[in-house]
Amino acid sequence: MPVRFGRFSDSIKPQYKLDKWAEADRLYKSGELLPAYLAFFDYIRDDAEDNVHFAQQGEAVWFEIQQGSKTLRGTA
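Everything quoted here is computed from the prediction, not taken from an experiment.

The rules we used
- Residues numbered from 1 in each chain as written.
- Predicted model: local features only at pLDDT ≥ 70, side-chain atom pairs only at ≥ 80, totals over all residues.
- Heavy atoms only, no water.
- Axes fitted to C-alpha atoms, helices over the stretch in contact; angles between N-to-C directions.
- Helix = DSSP H or I, 4+ residues; strand = E, 2+ residues; numbered from the N terminus.
- Parallel < 35°, antiparallel > 145°, perpendicular 65-115°, else oblique.
- Left-handed = near helix turned anticlockwise from the far one by under 90°.
- Contact = heavy atoms within 4.5 Å.
- Pairing = 2+ DSSP bridges.

Draft legend 1. Representation of the packing of helix α1 (residues 15-29) against helix α2 (residues 33-44). Relative to each other, α1 and α2 sit at 160°, their axes nearing to 8 Å. One finds that α1 runs roughly antiparallel with respect to α2. The crossing of α1 and α2 is left-handed. Of the residues in α2, those in contact with Lys17, Leu18, Lys20, Trp21, Glu23, Ala24, Leu27 and Tyr28 of α1 are Leu33, Pro35, Ala36, Ala39, Phe40, Asp42 and Tyr43.

Structure follows, in structure tokens:
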């Protein structure tokens, strides 16, 4: 599997991704943390690279983020 490197910029994100950022920000500020996390992970996910996976598990969200050769896994 080829490893892709690089950083992603908001300047090339489609509008629906920018809307997810606004949604995550609004939800976080209103104290709705779990929905805010879900919107944030959707925002940072590059659909073409399939680099972010996440799922709600009860009152938590499990996530896995791939950036280059590194993988970050966690629960919030």
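Picking up where we left off.
Draft legend 2. Region of the structure containing the sheet that holds strand β2 (residues 60-67). Taken in spatial order, the three strands line up as β1-β2-β3 in an open sheet, and their pairing is antiparallel. Where the open sheet ends on each side, the last strands, each with one partner, are β1 (52-57) and β3 (70-75). In this sheet, neighbouring strand axes are inclined to one another by 5° on average, regardless of whether the strands run parallel or antiparallel. Where β1 meets β2, six bridges bridge the pair, whose relative direction is antiparallel. Within the sheet, the bridge partner assigned to Gln57 lies in β2 and is Ala60.

Draft legend 3. Layout of unusual backbone geometry. Of note in the backbone geometry, Asp50 takes a positive phi value of approximately 55° without being a glycine. By secondary structure assignment, the location of Asp50 is in the loop between α2 and β1.

By themselves, these are just geometric observations and shouldn't be taken as functional.
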